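# Secondary and tertiary structure notes
Residues per chain are reported as follows:
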Amino acid sequence: MVALTQSLHIPTEEETEISKESSRILASHISEGVCHLKIVEADGSEETATIPAAAYRLFVDILTQMSHGNAVTIIPIHAELTTQEAADLINVSRPFLIKQLEEGLIPYHKVGKHRRVRFTDLMEYKTNIDAARSKVLDEIVTISEDLGLYD
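Residues numbered from 1 in each chain as written. Predicted model: local features only at pLDDT ≥ 70, side-chain atom pairs only at ≥ 80, totals over all residues. Heavy atoms only, no water.

## Overview of unusual backbone geometry
The backbone phi angle of asparagine 91 is positive, close to 60 degrees, even though this residue is not glycine. Take asparagine 91: it is sitting in the loop between helix 4 (83-90) and helix 5 (94-102). (Helix = DSSP H or I, 4+ residues; strand = E, 2+ residues; numbered from the N terminus.)

Below is the structure:
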């Protein structure tokens, strides 16, 4: 189980500035395979950490998001979410999400009396809804242009 609200952190202005500079520096050193980071403590002691390149890129992505003032959380792909966590993740109300579950638009299963939604299923639903929304907006723009509303 993943507790989204407990791990969510909105960066302060100072963290945003630090993240901006750090992401710029670290992004210039992305490589394939593994990356080596030297950690220097305040007392001058040093240690080197070896990090898979994928994790390093993820770290740079996190810093980039924080540099824009965005809150960041990490969710394992195989995670199962409560209905409240799922609703929060896609920015809808819990009653709306439950309606989507009951209509069969998002797969779920029950653990006892509680519904659980797989993260991958939720993201597939979000991708489909976003694509449908984009298509409708494109159609509205086309109709508006045909009617001369953008002249």
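Picking up where we left off.
## Re the environment of isoleucine 18
One can find isoleucine 18 in helix 2 (residues 13-27). Residue class for isoleucine 18 comes out partly exposed when judged on its relative accessible area of 49%. In sequence terms isoleucine 18 and threonine 142 are 124 residues apart; their C-alpha atoms lie 43 Å from each other. (Buried < 20%, exposed > 50% of the residue type's maximum accessible area, 1.4 Å probe, protein only.)

## What to know about helix 5
Those residues of helix 5 not exposed but buried are Leu97, Ile98, Gln100 and Leu101. Buried residues of helix 5, seen end-on, are gathered within an arc of 160 degrees and therefore sit on one face of the element. Opposite the buried face of helix 5, at more than 90 degrees from it, the exposed residues are Pro95 and Glu102. The N-terminus of helix 5 is capped by serine 93, whose side-chain oxygen sits 3.1 Å from the backbone nitrogen of phenylalanine 96. (Arc of directions from axis to C-beta. Polar contact = N/O pair within 3.5 Å; in protein donor to acceptor, adjacent residues only side chain to side chain.)

## Regarding the pairing of strand 5 (residues 114-118)
Bridge analysis of strand 3 (residues 80-81) against strand 5 gives two bridges, and the strand direction is antiparallel. Across the sheet, glutamate 80 pairs through a bridge with arginine 118, a residue of strand 5. Bridge count for strand 4 (residues 109-111) against strand 5 is three bridges, and the pairing is antiparallel. Across the sheet, valine 111 pairs through a bridge with histidine 114, a residue of strand 5. In this antiparallel pair of consecutive strands, strand 4 and strand 5, the connection spans two residues, and glycine 112 shows a positive phi of 70 degrees. (Pairing = 2+ DSSP bridges.)

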